[in-house]
Amino acid sequence: MLLYTGLFKELNRKLELYLPNYKISIVNFANSVMKVLGLKPNGPVLPDNVHSALEGVESITILVIDGLSSYLIEKAPEFPLIKKRGKYFKISSVFPTTTTTAMASLVTGLEPCEHGVLGYSMLSREVGSIIEIIRTTPYDKIAEIIDPEKFLPVPPIHKKARGGGLDSKLYIKRYLVDTFLTKALYDDAEVVPYVDLEDLMIRLIGERGELISAYWEVLDTAAHVYSPDSEEVKAYVSRVLSLISKLPFKKKGRRAFVIVADHGFVDARKRQDRIVDDKDIVNKLYLPPFGDMRATFLLPLEDSYDEVLDEVNRKYGKWCLALKKEEALELRLLGLREVKDLALYRLGRLILLPKEGYALDIRPKKRKYEMKGAHSGLSKKELEVPLLIFRY
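Structure report, in brief. (Residues numbered from 1 in each chain as written. Predicted model: local features only at pLDDT ≥ 70, side-chain atom pairs only at ≥ 80, totals over all residues. Heavy atoms only, no water.)

1. Thoughts on the pattern of salt bridges
Heads up, the rule is: Here, a salt bridge means any side-chain nitrogen of Lys or Arg that lies within 4 Å of a carboxyl oxygen of Asp or Glu. The secondary structure listing takes helices from DSSP runs of H or I that are at least 4 residues long and strands from runs of E that are at least 2 residues long, numbered from the N terminus. Working definition: with a 1.4 Å probe on protein chains only, accessible area under 20% of the residue-type maximum means buried, over 50% means exposed, and in between means partly exposed.
In this structure the tally under the stated criterion is 25 salt bridges. Put simply, Asp187 and Lys159 hold a salt bridge, and the shortest N to O gap is 3.0 Å. Pair noted here: Asp187 is in the loop between helix H10 (180-185) and strand S6 (190-194) and Lys159 is in helix H9 (residues 157-163), with a separation of 28 residues, a long-range link. Residue classification places Asp187 among the buried residues on the basis of a relative accessible area of 10%. In this structure, the salt-bridge partner of Asp196 is Arg239, at a minimum N-O distance of 3.2 Å. Taken together, the positions of Asp196 in the loop between S6 and helix H11 (197-205) and Arg239 in helix H13 (residues 231-245) put the pair 43 residues apart, joining distant regions of the chain. Residue Arg239 is classed as partly exposed on the basis of its relative accessible area, which comes to 23%. Overlapping salt bridges bring together Asp278, Asp280, Glu311, Arg314 and Lys315 as one network.

2. Structural notes on the packing of H11 against H13
To describe two helices that pack against each other, one gives the angle between their axes and the distance between the axes. For clarity, the threshold we go by: Lines fitted to C-alpha atoms define the axes here, with helix axes fitted over just the stretch in contact, and angles between the N-to-C directions of these axes take values from 0 to 180 degrees. Angles below 35 degrees are treated as roughly parallel, those above 145 as roughly antiparallel, those between 65 and 115 as roughly perpendicular, and all remaining angles as oblique. Take the far helix as your reference; a near helix turned counterclockwise from it by less than a right angle gives a left-handed crossing, and one turned clockwise gives a right-handed crossing. Only heavy atoms matter for contacts: two residues are in contact if any of them lie within 4.5 Å across the pair. Residue type decides the class: Asp, Glu, Lys and Arg count as charged, Ala, Val, Leu, Ile, Met, Phe, Trp, Tyr, Cys and Pro as nonpolar, and the leftover types, Gly among them, as polar.
Running from N to C, H11 and H13 point in directions that differ by 30 degrees, and their axes come no closer than 11 Å. Classified by the angle their axes make, H11 and H13 are roughly parallel. Considering the relative orientation of H11 and H13, their crossing is right-handed. When H11 is examined against H13, the residues Leu197, Glu198 and Met201 are found in contact with a partner set consisting of Arg239, Val240, Leu243 and Ile244. Classifying every residue of the contact of H11 with H13 gives 5 nonpolar, no polar and 2 charged.

3. Some thoughts on the pairing of strand S14 (residues 350-354)
Inclusion rule: Any two strands with at least two DSSP bridges between them are considered paired.
Here S14 lies mainly inside the structure; 5 of its 5 residues are buried. Burial of the side chains of S14 extends over both faces: Leu350, Leu352 and Pro354 are buried on one face and Ile351 and Leu353 on the other. Two elements, strand S12 (residues 296-298) and S14, share 3 bridges in a ladder whose sense is antiparallel. Across the sheet, Leu298 pairs through a bridge with Leu350, a residue of S14.

4. Some details on the environment of Gly348
Structurally, the position occupied by Gly348 is in the loop between helix H17 (341-346) and S14. Classification of Gly348 by relative accessible area gives buried; the value is 2%. Taking the C-alpha atoms as reference points, Gly348 and Lys325, separated by 23 residues in sequence, lie 7.1 Å from one another. Once residues lying within four places of it in the same chain are set aside, the contact partners of Gly348 are Phe290, Leu298, Leu299 and Lys325.

5. A look at helix H6 (residues 99-108)
Counting buried positions over the 10 residues of H6 gives 10, a clear majority of the element. What H6 keeps buried is the set Thr99, Thr100, Thr101, Ala102, Met103, Ala104, Ser105, Leu106, Val107 and Thr108. Buried residues along H6 sit in contact with helix H2 (26-36), strand S1 (59-65), helix H7 (112-115), H9, H10 and strand S7 (211-216). One or two residues past the end of H6 sits Gly109, with phi positive at roughly 75 degrees.

6. Quick word on the packing of helix H12 (residues 218-226) against H13
Running from N to C, H12 and H13 cross one another at 165 degrees; their axes reach a closest spacing of 9 Å. What the angle tells us is that H12 and H13 run roughly antiparallel. With respect to the hand of their crossing, H12 and H13 are arranged in left-handed fashion. Every residue of H13 that contacts H12 at Val218, Leu219, Ala222, Ala223 and Tyr226 is listed here: Glu232, Val233, Tyr236 and Val237. For the contact of H12 with H13, the class distribution of residues is 8 nonpolar, no polar and 1 charged.

7. What about the pairing of S1?
Most of S1 sits inside the fold, with 7 of its 7 residues counted as buried. On S1, burial covers both faces: Ser59, Thr61, Leu63 and Ile65 on one face and Ile60, Ile62 and Val64 on the other are all buried. Examined bridge by bridge, S1 and strand S8 (residues 255-260) share 6 bridges and lie parallel to one another. Its bridge partner lying in S8, Ile60 is registered against Ala256. Here 6 bridges tie S1 to S7, and the two strands are oriented parallel to one another. Bridged to Val64 within S7 is Tyr215.

8. Side note on H12
Among all positions of H12, only Val218, Leu219, Asp220, Ala222, Ala223 and His224 are buried. Structurally, H12 contributes buried residues whose contacts are with S1, strand S5 (168-173), S7, H13 and strand S16 (373-374). Positioned one or two residues after H12, Ser227 has a phi angle of 95 degrees, which is positive.

Written out as structure tokens, the structure reads:
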């Protein structure tokens, strides 16, 4: 399912990293949704054998489960029954495999090379520094500089839907309603807070609007805290699937209920180095390392580029691939379409990609608890996400 080019094999024989497949990805899914709802897609739709599962529907409910990989769902005891009730496909996430990047693709149908939202912490031209958009709310000073409604280069899908006369809603936890990211991604959607999964499922199945979205973040939090292979995470997956199994689906219907994820997870406890404290590297950078734990971007000083690259390879090379920006672009890590200036700016000059089990800590302060699970990298477990389509 995932592409694996000759260049990538040569660069990375031992790390078992893969490339996103932008021909059957969450980007294509977003464009398929637009097409079936009568909206103009922003790019190619899913392949015919997948897109056909959505054809003929008049309304769509999309539940995004943060952190639910194909690997996790296929191991669940409830999965065989769930699979029989609908249609199941493995699709690809994007790079970096992290919520901000993936959700930007899910609401726009754009590849990361087009929307330029690259990672948990990223460069901002407006601020002139590194920002964390998940933590930013409209009441922060950063939000006074960056307008969330102009953050994306095209109108998000809910705004397009409203403009096309369609009813659109977003179900989301109350504490996330006023964040910068929610405002940017779901501009113009009617926001409906919910408490947890049980009341969410009841309300979603009763919805009759043309485009209903919902976001459930608890699995992601649990996988970070306990690890994706933990009994706690398995219990959360079973809980979700058990609730879904009770919904009144049928083989044919004019409404679709879709389960999709933004990214998967890996256990990252083999080794986590605080590269942010590595003075031999950090002192030769314009800014501290940014991005994520498993997709870290560096911006070396002009006269220190080779020194930084050599130092990274010497200290981390056994378990971490250092890609030059030019190599990342040649590999089409950010997508198959034209790379926009903003994406080039935010990519840095070196991209560090740890293999499964490893991560780089880039937080300014040490965490109060161990981050057992991580994502943003290029393992199969992070890239392969489920697409479940039910009709009713």
